[in-house]
Amino acid sequence: MNFPLIMLILLVITGGIALLDRFVLERRRAPEVQGPWWVEYPKSFFPVILVVFCLRSFLVEPFKIPSGSMIPTLLVGDFILVNKYTYGIRLPVINLKVMDIKEPQRGEVMVFRYPENPSMDYIKRVIGVPGDTVTYHDKHLTINGAPVKMEPNGEYTYVESGLNYIYSRRFTESLGDHTYKTLINPEVPDIQLAGVRPFPFRDNCAYNDSGFSCKVPDGNYFTMGDNRDSSSDSRYWGFVPERNIVGKAFMIWWNFSDLTRIGLSIE
């Protein structure tokens, strides 16, 4: 469902009726006579729809986390807020950037339109920016030849769909100005080569049984999930074009299963 498009259509319809009544219909009826329901209802809803549309399009948009690819940073069922203007002002629906503000940085959690199906929104961590060489071998990240700092942080257990208990090792990783937790499952191969699909700039990447190395092309970003062995990300479907960026995730505002997560910032 393209919610921004639906909101735009409602905005045009209600705004059009409000203008029609203001400049045409209102002059044809007595001052004390109220307009018909099909005029009064749209007129009353128009200001609300306008405010919501502007807030979601240019300031903050809510999202719900549907999968475990960002565990332990984000859990299934987390409701998050995304800053829509951090990476520039974009026109709603067509997502065309009209004003530059800031470029995505390594380590930031970013929401974007899934390259293989732009009607879907994905959330991952930015690992590589344009010009970077991202290498992942034996489950260790290297950016431009420099190993990413990674320290053991105990174990982590969670329940996957189907009531499967997953046991992983937790690590504290530092990338750019961000420090966050990642999960590594030692029983899962470094990369599922059968899951790597054709994608634009595929020639920029080299894969083998122990990992991969990718050169990030201009105007694109390389992303990965914090749940490294349970994430469909740039390793498998390629780079995120700049035009697909939605915004930066910054806060958890609700979780029905765990109220203690409300208000947590997203690192």
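If you're wondering where the values come from, they're calculated on a predicted model, not measured in any experiment.

Rules used throughout
- Residues numbered from 1 in each chain as written.
- Predicted model: local features only at pLDDT ≥ 70, side-chain atom pairs only at ≥ 80, totals over all residues.
- Heavy atoms only, no water.
- Pairing = 2+ DSSP bridges.
- Helix = DSSP H or I, 4+ residues; strand = E, 2+ residues; numbered from the N terminus.
- Contact = heavy atoms within 4.5 Å.
- Axes fitted to C-alpha atoms, helices over the stretch in contact; angles between N-to-C directions.
- Phe/Tyr/Trp six-rings, centres within 6.5 Å; stacked < 30°, edge-to-face > 60°.
- Lys NZ or Arg CZ within 6 Å of the ring centre and 35° of its normal.

Here we look at the sheet that holds strand β5 (residues 109-113)
Step number 1: With antiparallel pairing, the seven strands of this open sheet are ordered in space as β1-β2-β17-β5-β6-β15-β16. Where the open sheet ends on each side, the last strands, each with one partner, are β1 (60-64) and β16 (240-241).
Step number 2: Across two bridges, strand β15 (residues 220-224) lies against β16 in antiparallel orientation. Each bridged residue has a counterpart across the sheet, and for N220 the counterpart in β16 is P241.
Step number 3: Sheet strands touched by helix α2 (residues 37-59): β1 and β2 (79-83). Its angle to β1, the strand with the most contacts, is close to 85 degrees.

Description of the packing of aromatic side chains
Where two aromatic rings form a pair, the distance of their centres and the angle of their planes describe that pair.
Step number 1: The final tally for this structure, using the stated rule, is 14 aromatic pairs.
Step number 2: Judged by centre distance (4.2 Å) and plane angle (5 degrees), the ring pair of Y114 and Y122 falls under stacked.
Step number 3: Three or more aromatic residues link up through ring pairs in this structure, and these residues are Y136, F199, Y207, F212, F222 and F239.
Step number 4: The cationic tip of R22 hangs over the ring face of F23; the distance from NZ or CZ to the ring centre is 5.4 Å.
Step number 5: When the ring centre of Y136 is taken as reference, the NZ or CZ atom of R235 above it lies at 5.7 Å.

From the geometry alone we can't say anything about function, so treat these as descriptive.
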